[in-house]
Amino acid sequence: MIGLYIAYVMPTFLRLRQGENFQRGPWHLGRWSYVVGWIAVTWVAIISILFILPVYSPITRSNFNYTIVAVAVVLGFAGIYWLVSAKDWFKGPKVQGTPEELAAIEHELAS
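Note that the coordinates shown come from a computational prediction; the quantities given were computed from them, not determined experimentally.

1. Regarding the nonpolar core
- Grouped together as the largest cluster of nonpolar side chains are seven residues: Ile2, Ile6, Val9, Leu16, Val41, Val44 and Val71.
- Looking at this core, the elements with two or more residues in it are α1 (2-18) and α2 (33-52).
- Per-element accounting of this core gives the leading share, four residues, to α1.
- Not counting residues within four places of it along the chain, the set of residues in contact with Ile2 comprises Ser48, Phe51, Ile52, Thr67 and Val71.

Okay, here's the thing in structure tokens:
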């Protein structure tokens, strides 16, 4: 569950880090983008900490919440993979078609 929340909020966090350098798409929240984005990032940070906390006390090997280990392994693997390989070849999604062709398709779909 935590991994899902982190995966959903990571693009929001990375967008917030870009600041004014980020090129907005046709749909956005306007001046509320930053506020809503930071609320989402803060919320996911809080619930992630709450979900990682131990369920029982005292903590033993049998009742330890290993969620933090799983999240750290996945984030560590993804980070290392990005640094070693993906940053050199991944350029993001490719737009197929010219802006005029895309506008014509959108106009046709809207009718």
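Further notes follow.
2. Here's the deal with the side chain of Ser48
- The residue Ser48 is located in helix α2 in this model.
- Ignoring any residue separated from it by four or fewer positions in sequence, one finds Ser48 in contact with Ile2 and Ile6.

3. As for the packing of α1 against helix α3 (residues 67-89)
- Taken N-terminus to C-terminus, the directions of α1 and α3 make an angle of 40 degrees; their axes are 10 Å apart at the nearest point. By the angle between their directions, the pair α1 and α3 is classed as oblique. The handedness of the crossing between α1 and α3 comes out as right-handed. Every residue of α3 that contacts α1 at Ile2, Ile6 and Met10 is listed here: Thr67, Val71 and Leu75.

4. Describing the packing of α1 against α2
- Following both chains from N to C, one finds α1 and α2 inclined at 150 degrees, their axes separated by 9 Å at the closest point. Taken as axis vectors, α1 and α2 run roughly antiparallel relative to one another. The handedness of the crossing between α1 and α2 comes out as left-handed. Only Ser33, Tyr34, Gly37, Trp38, Ala40, Val41, Val44, Ile47, Ser48, Phe51 and Ile52 of α2 make contact with α1, whose side of the interface consists of Ile2, Tyr5, Ile6, Val9, Thr12, Phe13, Arg15 and Leu16.
- For the contact of α1 with α2, a count of residues per class yields 14 nonpolar, four polar and one charged.

5. Details of the environment of Ile105
- Along the chain, Ile105 falls in helix α4 (residues 99-110).
- In this structure the C-alpha to C-alpha distance between Ile105 and Met10, which are 95 residues apart in sequence, comes to 31 Å.

6. Focus: α4
- In this model, α4 (twelve residues) spans 16 Å end to end at C-alpha, consistent with the 16 Å of a helix rising 1.5 Å per residue.
- Judged by how many residues are buried, α4 sits mostly at the surface: zero of twelve residues are covered.

7. Details of the packing of aromatic side chains
- Tallied over the full model, the rule gives four aromatic pairs.
- Aromatic pair Phe77 and Tyr81: ring centres 6.4 Å apart, planes at 15 degrees, arrangement stacked. With Phe77 and Tyr81 both in helix α3, this residue pair falls four residues apart, about one helical turn.
- Exposure remark for Tyr81: the relative accessible area of 41% places this residue in the partly exposed category.
- Over the ring of Tyr34 we find Arg15; its NZ or CZ atom is 5.0 Å from the centre of that ring.

The rules behind each value
Residues numbered from 1 in each chain as written. Predicted model: local features only at pLDDT ≥ 70, side-chain atom pairs only at ≥ 80, totals over all residues. Heavy atoms only, no water. Core = buried A, V, L, I, M, F, W, Y, C linked by side-chain atoms within 4.5 Å. Buried < 20%, exposed > 50% of the residue type's maximum accessible area, 1.4 Å probe, protein only. Helix = DSSP H or I, 4+ residues; strand = E, 2+ residues; numbered from the N terminus. Contact = heavy atoms within 4.5 Å. Axes fitted to C-alpha atoms, helices over the stretch in contact; angles between N-to-C directions. Parallel < 35°, antiparallel > 145°, perpendicular 65-115°, else oblique. Left-handed = near helix turned anticlockwise from the far one by under 90°. Nonpolar A, V, L, I, M, F, W, Y, C, P; charged D, E, K, R; others polar. Expected span 1.5 Å × (residues − 1). Phe/Tyr/Trp six-rings, centres within 6.5 Å; stacked < 30°, edge-to-face > 60°. Lys NZ or Arg CZ within 6 Å of the ring centre and 35° of its normal.

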